[in-house]
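# A look at the structure
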Amino acid sequence: MREVRVALLEADVALPVARDFVEKITEQAIGQNVLRSITPGQQVVKIVHDALVEMLGADASELLLDVTPPAVVMMVGLQGSGKTTTTAKIARRLSSGAMGRDRKKVLMASLDVNRPAAQEQLATLGTQVEVATLPIIQGQQPVEIARRAMQAAKLQGYDVLMLDTAGRLHVDQALMDEMKAVAEIAQPQEILLVVDSLTGQDAVNVATSFSEQVPLTGVVLTRMDGDARGGAALSMRAVTGKPIKFAGVGEKMDALEAFHPERVAGRILGMGDVVSLVERAAETIQQEDAERMAMKMAKGQFDLNDLRGQLAQMRRMGGLGALAGMMPGMKKAQNALNDAGGDKILLRMDAIITSMTVKERAKPELVNAKRKIRIAKGSGTTVQDVNKLLKMHQEMSTAMKKIKKMGGIKGMMSMLGKGGLGGLGNALGGPQMGEMLNKAGGGGGLPGIGGMGAGGGKLPEGMPKLPPGFENLLKKK
C-alpha cells in the first residue's frame, strides 16, 4: 500500500485524496483470496486498478442537452487551461454529430473581455470548425454579451449555445462574482470545468473554489497527450463528485475524446502490465479447472471438491434460476427453483461442503452419523440437508461412472434426456422439485437434449454453451 500511495502522489493525486483512497482499498483488499500463479502484491494492484476505474468513471460522460433549445453550455476554468480551444472542439463534435446523436446547430460566444484578442481567437476557431460565432461588439461587458447571445440563439433557432468565459484565478473574487452573474442569466444546462492535466497538487483548490461558486456538471481534462500521469483527474473526481466528460489529447480540432477511465487508471498507477497479468491468470485458472474436471469426468471420478467447483461455476453464470431460464421450456422449473429458495440453495450447499474436512471431501463415504451432526452444526444447516447433498453427490458420481461405461458424453446426454435433471431436483428440493423439473422438460428431462451425441455433438438451438474444456469429452480417444 505504501507503493500505491507513492504511485498516486507521483501522479499528482492530492494527498488527502490519496490517503482516503488507500484507506478504502486496504479495507477491500484484506481477506481477499489470491489467485494461483500470481503474488499477493499483484492481486492488490488489480484491486487498486479496479477501484480507480470505478472512482473515475461511475457516471456516463455524455452532455445532457435534451432540453428546450437553446441548451446552454458554459465553460469555466483557470487562465491558460485551454477553454477557448476546448469550446471549439466540443462545438465541432456537436455540429458534426460525432457524439452518436443528431447534428446540432451550435452558436459560440466569447465572454472574455480581459485577454487581448480572446474574442477574435474564438471567431477564428469557429471559421476552422465551421461553427457560427456571435458578432463582436467592442466595449460590451460579459453579462451583456451573455444576454445578447441568449437572444440571438433563440431568434435564430440554435440548438446549443456555448459560452466561453474569461480565465480567472481562483483567488480573484471579482471575476468569480462575474461568473456567477453570467450563470444566473444564462441558466446553463452544463457548466464544464476545464482543467489542465498538468495541474499538480493545486487541482484540489481549483476544483473546490469553482464548485463552491457555481454548480459544476462535469470536468474536461486538457493536455492528456502530455507526459503527466493524470492524477489531477482523480483529485477532480474526488473533490467535485462530477464526471469527467472529455479529454483533450492534442492541439488539432478533432483531438477531443470521450473520457476512458481504464486508460487513465493505468497511467496513474503506472502498473498496467500487472493488471493484465492478473486478468490473464484468472482466465487461465478457469480454463485449467474446467479441463481438469473434464479429465476426471472422463475417468468416472467425482468427489465433493468437484461438486463444489460445479456449484461455484453455476453461481458465476448467474445461479440456478438464470441457468433454468436459459433452457427452452424451463420456465416452470425456474419458478420452482425460486419457490425453493433460489440461489440460497447453492450457498447452503457450499457451506455444507466447506464444513467438511479435506479427507471427507475427497472420500464422502467417511461421513458417518456423528460427522453429519458436526457438519450440520458447522454450516448452520440440518442433518437432512447434509443427507440431501450427499445423496445428490452419490447420484452425480454414479452418473459419472455410467458416462465412462456408456462411452462419454453421448451416454451422459441420453441419460439426462431420461430424467437425469429430476435427480438433481430431488437433491435440491425433494421429490416435488424433481418431478417439476422433469415435467418442465416435457416428461423426459430436457427437450431435445437426448439426441445430442447422435447429432454430431451439437447443442439444440437456444441452449447455453457447455463450459470451457467440456468439449474435450466430445472427442473420441
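Coordinates for the structure precede this section.
On a predicted model such as this, the values are computed, not experimentally measured, just so you know.

Here we come to the overall build of the chain. Secondary structure summary: the chain contains 19 helices and eight strands in total. Taken over 477 residues, the chain has a buried fraction of 47%. Looking at the chain alone, contacts between residues at least 24 apart form 74% of all its contacts between residues at least 6 apart. For the chain, the accessible surface area stands at approximately 23,600 Å², while carbon and sulfur atoms represent 53% of it.

A few words now on the pairing of strand 7 (residues 244–248). The side chains of a regular strand alternate, first on one face of the sheet and then on the other. Counting buried positions along strand 7 gives five out of five residues, so the element sits mostly inside the fold. As paired elements, strand 7 and strand 8 (residues 256–258) share three bridges and run antiparallel to each other. From the neighbouring strand, Ala247 faces strand 8, where its bridge partner is Glu257.

Here we come to the packing of aromatic side chains. In this structure the tally under the stated criterion is zero aromatic pairs. The lysine or arginine in question, Lys105, covers the ring of Tyr158, its NZ or CZ lying 4.7 Å from the ring centre.

Right, let's talk about the nonpolar core for a bit. In terms of nonpolar packing, the biggest core is built from 64 residues, with Leu8, Leu56, Leu161, Leu163, Phe210 and Ile268 touching the most fellow members. In terms of residue count, the dominant contributor to this core is helix 3 (residues 40–56) (seven residues). Apart from residues lying up to four places away in sequence, Leu8 is in contact with Val13, Ala18, Phe21, Val22, Leu52, Leu234 and Ile268. One finds Val73, Leu94, Met108 and Met253 within the second-largest nonpolar core, a separate group that totals 23 residues.

Cut-offs applied
- Residues numbered from 1 in each chain as written.
- Predicted model: local features only at pLDDT ≥ 70, side-chain atom pairs only at ≥ 80, totals over all residues.
- Heavy atoms only, no water.
- Helix = DSSP H or I, 4+ residues; strand = E, 2+ residues; numbered from the N terminus.
- Buried < 20%, exposed > 50% of the residue type's maximum accessible area, 1.4 Å probe, protein only.
- Contact = heavy atoms within 4.5 Å.
- Areas by Shrake-Rupley, 256 points an atom, 1.4 Å probe, with all protein chains shown as cover.
- Pairing = 2+ DSSP bridges.
- Phe/Tyr/Trp six-rings, centres within 6.5 Å; stacked < 30°, edge-to-face > 60°.
- Lys NZ or Arg CZ within 6 Å of the ring centre and 35° of its normal.
- Core = buried A, V, L, I, M, F, W, Y, C linked by side-chain atoms within 4.5 Å.

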